[in-house]
Amino acid sequence: MHSSELREFYKKTIKERIELVSAFSDLDNDQINLLKNTGTLNPEIGDKLIENFITAMEIPFGIATNFLINGKEYLIPMAVEEPSVIAACSNAAKIARKSGGFTAMSTNSMMIGQIQITEVPDIMGSIKVIEEQKSQILTLANSVSKTLREMKKGAVDLEIRILPVLKKTIIVHLMVDVGAAMGANVINSMCEITAPYLEELTGGEVVLRILSNLTPGRISKAEAVFKAEDIGGSRVVKRIVKASEMAKYDIFRAVTHNKGIMNGVDAVLIATMNDWRQAEANAHAYASMNGSYTSLSRFSQDENGNIVGKISIPLAIGTVGGTTSNVPKAVIARKILGVTTTEEFQSVVAAVGLAQNFAAVRALSDEGIQKGHMGLHSRNLAIAAGAKGKEIDMVSEILKKEGKISMTRAGEVLAEIRKNPGEHK
Ligand code: MEV
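Draft legend 1. View of the nonpolar core. Grouped together as the largest cluster of nonpolar side chains are 55 residues, with contacts concentrated most on Phe67, Ile76, Met78, Phe102, Phe226 and Ile313. Of all the elements, helix H13 (residues 342–365) adds the most residues to this core, at 11 residues. Contact partners of Phe67, with chain neighbours within four places excluded, come to Lys72, Glu73, Tyr74, Ile76, Cys89, Ala93, Arg97, Phe102, Ala351, Val352 and Ala355. Ranked by size, the runner-up nonpolar core spans 28 residues in total, among them Ile127, Ile137, Met182 and Ala316.

Laid out in structure tokens, this is it:
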């Protein structure tokens, strides 16, 4: 067995790293050649973007169509491995545009930086002194970003948090309007620069100095009407409302409902190379902020018997900074998306989340999702079984017709097709 302790792996060239990994994992020449292919990502850039770089990973990248948001037409770039996501999202947008599309908005970009001060000898005295020194602390925090200062943004306030279970501890929140940035870097710098001063003021010891990924001060909302006649009539409308009620009150359903939202949100964030882990953590924490985990969107019936969908989701997507500009396809994705401000970007993503969510809940409230899912999945299975070119659709069609969507059956069907090609023309 090879050791995984690869000394100074980070100092090796990409070629040397691939050789080491190949030896460890017994890769063959074809596999090594695939790893060497980084597609449109210049390996020199990849090697600067992350440590221990060996290759780039392809994720299918498609376009969701039909989006009309605040009266503007959008094509939505989405990178995702799940087959039904893009078609479902486009379909929901098509239905929504019949009622004027989505209306969407985003609040200011208010984020929180946390400084954990421990071993504070005098909690009440320290709180008083921090409050007295508020403007000095904010000035110090703002010294890290001339751009934010010039935009009259940056650290604007402080909050002091005491959690009784954390003895001798004060948590200072720096409230920062990060403008067009995602905000992580600037906030972390602000926390780090103010920490020594807070130690001096309190006599305590700072441990954590980091942004919070929960952003209740940076919320995006979207809303749309889906006409009853386009979604299966009043029976389906009533069932969608019932499904929405369950997601509101039942954590086990709410998490799946929210996963449906994040299918759309993450796909756009991945295509545009934004931090989707942040979006996930943020969304799920926000969903439980009122003490019990709930759904981020609601569907109700309006006075005309149609469905009104509304979503409220925390999103922190910057339009400046980040690694986007170093990855050619992410640059193209941003261009396709055609957003210029952080507010517009976040609003569009909220609308995509709502569309994705509606598509899933509608299907679940009507025919169920397995029909569509398994139909698309059958193509994946055909490819995995080794089908090439026309064989892929042929295998997939037979699996769907038989209703036996399994890997074993895909292999058998492919073998039959190859044995008797005439029969399957
Ligand atoms: C699957 O990726 C997402 C769904 O489970 C969402 C939902 O149940 O609402 C279909």
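Here the narrative resumes.
Draft legend 2. Representation of unusual backbone geometry in the model. Despite not being glycine, Asn66 has its phi angle at roughly 80°, a positive value. The backbone phi angle of Lys152 is positive, close to 60°, even though this residue is not glycine. Inspection of the secondary structure puts Lys152 in the loop between helix H7 (146–150) and strand S5 (154–161).

Draft legend 3. Spatial organisation of the site of the ligand. As a matter of local geometry, the ligand sits amid Glu82, Arg253, Thr256, His257, Lys259, Gly260, Asn263, Ala360, Leu364 and Ile369. At 2.7 Å, a side-chain N or O of Lys259 approaches an oxygen atom of the ligand. In the environment of the ligand, an oxygen atom lies 2.9 Å from a nitrogen or oxygen atom belonging to the side chain of Asn263. Protein coverage of the free-state accessible area of the ligand, which is 300 Å², stands at 88%. Residue assignment for the shell around the ligand shows that the elements contributing at least two residues are helix H10 (251–271) and H13. With 6 residues, the single largest contributor to the shell around the ligand is H10. Of the residues in the shell around the ligand, the class split is 3 nonpolar, 4 polar and 3 charged.

Draft legend 4. Seen up close, the domain arrangement of the chain. Parsing the chain into structural domains produces domain 1 (9–49), domain 2 (66–107 + 220–367), domain 3 (110–212) and domain 4 (371–424). The straight-line distance from the C-alpha centre of domain 1 to that of domain 2 is 37 Å. Counting residues at the interface gives 4 residues for domain 1 and 5 residues for domain 2. The contact between domain 1 and domain 2 buries some 370 Å² in all, and 75% of this surface belongs to carbon and sulfur atoms. By the criterion of area lost to domain 2, the three top residues of domain 1 are Thr40, Leu41 and Leu49, representing 86% of everything that side buries. Where domain 1 touches domain 2, the interface holds 0 salt bridges. The interface formed by domain 1 and domain 2 holds 0 residue pairs in polar contact (both at pLDDT 80 or more) in total.

Draft legend 5. Main features of the side chain of Thr202. By the secondary structure assignment, Thr202 is in helix H8 (residues 184–202). Judged by its relative accessible area of 6%, Thr202 falls in the buried class. Among the polar contacts listed, one links the side chain of Thr202 to the backbone oxygen of Leu198, at a separation of 2.7 Å. In terms of polar contacts, Thr202 uses its side chain to reach the backbone amide nitrogen of Gly204, at 3.1 Å. For Thr202, the contacting residues outside a window of four places in its chain are Ile117, Val120, Pro121, Ser126 and Ile130.

Draft legend 6. How the structure looks around the pairing of strand S6 (residues 170–177). Of all 8 residues that make up S6, 8 are buried, and the element is covered over most of its length. Here S6 shows a buried face lined by Ile170, Val172, Leu174 and Val176 and a second buried face lined by Ile171, His173, Met175 and Asp177. Summarising the sheet, strand S4 (residues 110–118) and S6 pair through 8 bridges and their orientation is antiparallel. Directly across from Met111, in S6, lies its bridge partner Val176.

Draft legend 7. Representation of the side chain of Asp177 in the model. In this structure, Asp177 sits in strand S6. Residue class for Asp177 comes out buried when judged on its relative accessible area of 8%. Those residues in contact with Asp177 that lie beyond four places of it in its chain are Asn108, Ser109, Met110, Leu148, Lys153 and Gly154.

Draft legend 8. Local environment of H8. The end-to-end C-alpha separation of H8 is 26 Å, in line with the 27 Å expected for 19 residues at 1.5 Å each. Helix geometry: H8 is bent most strongly at Ala195, by close to 35°, with proline Pro196 lying one to four residues after it. Trailing H8 by a residue or two, Gly203 shows a phi angle of about 70°, which is positive.

About the thresholds
Residues numbered from 1 in each chain as written. Predicted model: local features only at pLDDT ≥ 70, side-chain atom pairs only at ≥ 80, totals over all residues. Heavy atoms only, no water. Core = buried A, V, L, I, M, F, W, Y, C linked by side-chain atoms within 4.5 Å. Buried < 20%, exposed > 50% of the residue type's maximum accessible area, 1.4 Å probe, protein only. Helix = DSSP H or I, 4+ residues; strand = E, 2+ residues; numbered from the N terminus. Contact = heavy atoms within 4.5 Å. Near = heavy atom within 4 Å. Polar contact = N/O pair within 3.5 Å; in protein donor to acceptor, adjacent residues only side chain to side chain. Areas by Shrake-Rupley, 256 points an atom, 1.4 Å probe, with all protein chains shown as cover. Nonpolar A, V, L, I, M, F, W, Y, C, P; charged D, E, K, R; others polar. Domains from an automatic or database assignment. Buried area = accessible area lost by both parts, 1.4 Å probe. Salt bridge = Lys/Arg side-chain N within 4 Å of Asp/Glu carboxyl O. Pairing = 2+ DSSP bridges. Expected span 1.5 Å × (residues − 1). Bend = angle between axes of the 7 residues up to and from the residue.

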